[in-house]
Amino acid sequence: MKTYDVAVIGAGVFGAWTALQLARRGKRVILLEAYGPGHSRSSSGDESRIIRMGYGKDEIYTRWSQRSLAQWKELFARIVCRCFMRQAFCGLPVPMMRGSRKTRTTLRKCGVPFEELDSTGLRACFPQIGLDGIHDGVLEPHSGVIVARRAVAATVAEAIRLGVTYAHALVESPKNKGTLQSVKTNNGEEIFAGHFVFACGAWLGKLFPEILKQRILSRGKKFFILDCHPEIHVSRPPALPTFLFQNDESYGMPDIENRGLKIALDAHGAAVDPDTQSRVVSEKSAQQMREYVARRFPALGMRPSRKRESVNTKYLERRFLIDRHPKWKICG
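Attention here is on the structure that accompanies the text. Since the model is a prediction, treat every value here as computed from it, not as a measurement.

## Thoughts on a nonpolar patch on the surface
Next, step 1: Side chains of F14, I60, W64, F320 and I322 sit close together on the surface and give an oily, nonpolar patch of about 580 Å² of accessible area.
Next, step 2: Within the secondary structure layout, W64 lies in helix α2 (residues 59-79).
Next, step 3: Taking relative accessible area as the criterion, W64 reaches 42% and is therefore assigned partly exposed.

Spelled out as structure tokens, the structure:
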């Protein structure tokens, strides 16, 4: 029987980085994951994710994102992996949106370079975007895209290189009371550790139904990949930035690595179970996307070639959930 300093359950982006940082501090760590690092059902397992600095008045998120990007770059440089692509991010708010003004104030305070574009500047820079209802924007020239699945897998590989034990195993819901000393996997193995970190995203409500089932909200979110015509260069970087239409509740990124232009609708769908959720998007939703693309990207003339539903997980209070289990005692 081997006892670890820390057992991390879940090898998405949060679990992978937790294991890596613990390994850098000399801890004996085991990382357990049911589906595999960067798997297709996880929130961090898609091909690409925007990394940006503007989050309204919430300075903590801007500073977290600044530090996060710096650490991603350090990791990618060390392992010689091109998983960050500098690609300007453009936030497109509705007129007089208070969040936009607060974003600019926060960016200035945190020293983030950005450009303010009025409607004339937006039309000059991005003539391929339909700007009805939008009169200004915030452009972050040093933000960009993380190649999500590859980046998570690279983080886990680096953690293993530094001594982390990785196990492909499903951890059962803990039944312990008092002090948690071990967890069991579905194959009957028992894992002992001094501390346990559950970085399970959408699965937290299933692991801890008594305290989190009503507080972790897992909803379906639709995204579409649009085929880009080889002669339409305005669909690719640097002509098109990553973008966020705040009032439309949509965001996306240009045709990166010839994979197509990606657009996601951020409006939350029905509640889903991350293990059984159907990823098939209805024809009605596809038609809505066609109409939306015709409105916001009229010059591109593209149609969805791939469409998929992912899982979006939020804590009820709309913040990150970083806490201790209320019924377990702390070891050590």
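Next comes the rest of the description.
## A look at α2
Next, step 1: In this model, α2 (21 residues) spans 31 Å end to end at C-alpha, consistent with the 30 Å of a helix rising 1.5 Å per residue.
Next, step 2: Within the span of α2, buried status applies to Y61, T62, S65, L69, Q71, W72, L75 and F76.
Next, step 3: Of the residues flanking the end of α2, it is V80, one or two places downstream, whose phi is positive at about 55°.

## Some points on the packing of α2 against helix α5 (residues 148-161)
Next, step 1: Direction vectors running N to C along α2 and α5 enclose 70°, while the axes themselves pass 11 Å from each other. Relative to α5, α2 is oriented roughly perpendicular. In this structure, α2 crosses over α5, and the sense of that crossing is left-handed. Contacts from W72, L75, F76, R78 and I79 of α2 reach α5 at A151, A154, T155, E158 and R161.

## Topic: helix α1 (residues 13-24)
Next, step 1: Its twelve residues place the ends of α1 16 Å apart at the C-alpha level, agreeing with the 16 Å of an ideal helix rising 1.5 Å per residue.
Next, step 2: Within α1, the full set of buried residues consists of G15, A16, W17, A19, L20, L22 and A23.
Next, step 3: Buried residues along α1 sit in contact with β1 (3-9), β2 (29-33), α2 and α5.
Next, step 4: Just beyond α1, the residue with positive phi is G26, at close to 80°.

## A look at the sheet that holds β1
Next, step 1: Within the open sheet, the five strands sit side by side as β9-β2-β1-β12-β11. Their pairing is mixed. Only two strands of the sheet have a single partner each, and these edge strands are β9 (165-168) and β11 (182-184). Strand-to-strand, the axes of this sheet are offset by a mean angle of 45°, without reference to chain direction.
Next, step 2: Bridging between β1 and strand β12 (residues 190-198) involves six bridges; their strand directions are parallel.

## Focus: the sheet that holds strand β8 (residues 144-146)
Adjacent strands of a sheet pair through backbone hydrogen bonds, lying either parallel or antiparallel.
Next, step 1: One open sheet holds the three strands; their spatial order is β3-β8-β4, and the pairing between them is antiparallel. Of all the strands in the sheet, the pair left with one neighbour each is β3 (49-51) and β4 (84-86). Taking each pair of neighbouring strands and ignoring which way they run, the sheet shows an average axis angle of 30°.
Next, step 2: With three bridges joining them, β3 and β8 adopt antiparallel strand pairing. Directly across from I51, in β8, lies its bridge partner G144.

## What to know about the pairing of strand β16 (residues 261-265)
Next, step 1: For β16, the tally of buried residues reaches four of five residues, placing the bulk of the element in the interior.
Next, step 2: Of the strand pairs in this sheet, strand β13 (residues 216-226) and β16 are connected by five bridges, and their pairing is antiparallel. Considered in β16, the bridge of K222 is made with L265.
Next, step 3: Relative to β16, strand β15 (residues 250-253) runs antiparallel, the two being bridged by four bridges. Paired with G252 across the bridge in β16 is I263.

## Describing the pattern of salt bridges
Next, step 1: Considering all chains together, one arrives at 22 salt bridges under this definition.
Next, step 2: Of the charged contacts in the structure, one is a salt bridge between K206 and D273, with a shortest N-O distance of 3.0 Å. Highlighted residues: K206 in helix α6 (residues 204-207) and D273 in the loop between β16 and α8 (283-296), separated in sequence by 67 residues.
Next, step 3: K206 gets classed as partly exposed once you look at its relative accessible area, which sits at 40%.

## Section: the state of the cysteines
Next, step 1: Applying the stated criterion across every chain, the model contains zero disulfides.
Next, step 2: Of all cysteine sulfurs in the structure, the one in C125 sits closest to C90, which takes part in no disulfide; the separation is 8.4 Å.
Next, step 3: Assessed through its relative accessible area of 2%, C90 is described here as buried.
Next, step 4: Overall, C125 belongs to the partly exposed group, its relative accessible area being 39%.

## With respect to the packing of α1 against α5
Next, step 1: Remark: α1 packs on α5, axes separated minimally by 9 Å, with the N-to-C direction vectors making an angle of 25°. As judged from the angle between their axes, α1 and α5 are roughly parallel. By crossing handedness, the relation of α1 to α5 is classed as left-handed. Here V13, A16, W17, A19, L20 and A23 of α1 lie close against α5, whose contacting residues are V152, T155, V156, E158 and A159.

Basis of the calculations
- Residues numbered from 1 in each chain as written.
- Predicted model: local features only at pLDDT ≥ 70, side-chain atom pairs only at ≥ 80, totals over all residues.
- Heavy atoms only, no water.
- Patch = residues over 30% accessible without salt bridge, like charges linked within 9 Å, V, L, I, M, F, W, Y side chains within 5 Å.
- Areas by Shrake-Rupley, 256 points an atom, 1.4 Å probe, with all protein chains shown as cover.
- Salt bridge = Lys/Arg side-chain N within 4 Å of Asp/Glu carboxyl O.
- Helix = DSSP H or I, 4+ residues; strand = E, 2+ residues; numbered from the N terminus.
- Buried < 20%, exposed > 50% of the residue type's maximum accessible area, 1.4 Å probe, protein only.
- Expected span 1.5 Å × (residues − 1).
- Axes fitted to C-alpha atoms, helices over the stretch in contact; angles between N-to-C directions.
- Parallel < 35°, antiparallel > 145°, perpendicular 65-115°, else oblique.
- Left-handed = near helix turned anticlockwise from the far one by under 90°.
- Contact = heavy atoms within 4.5 Å.
- Pairing = 2+ DSSP bridges.
- Disulfide = S-S within 2.5 Å.

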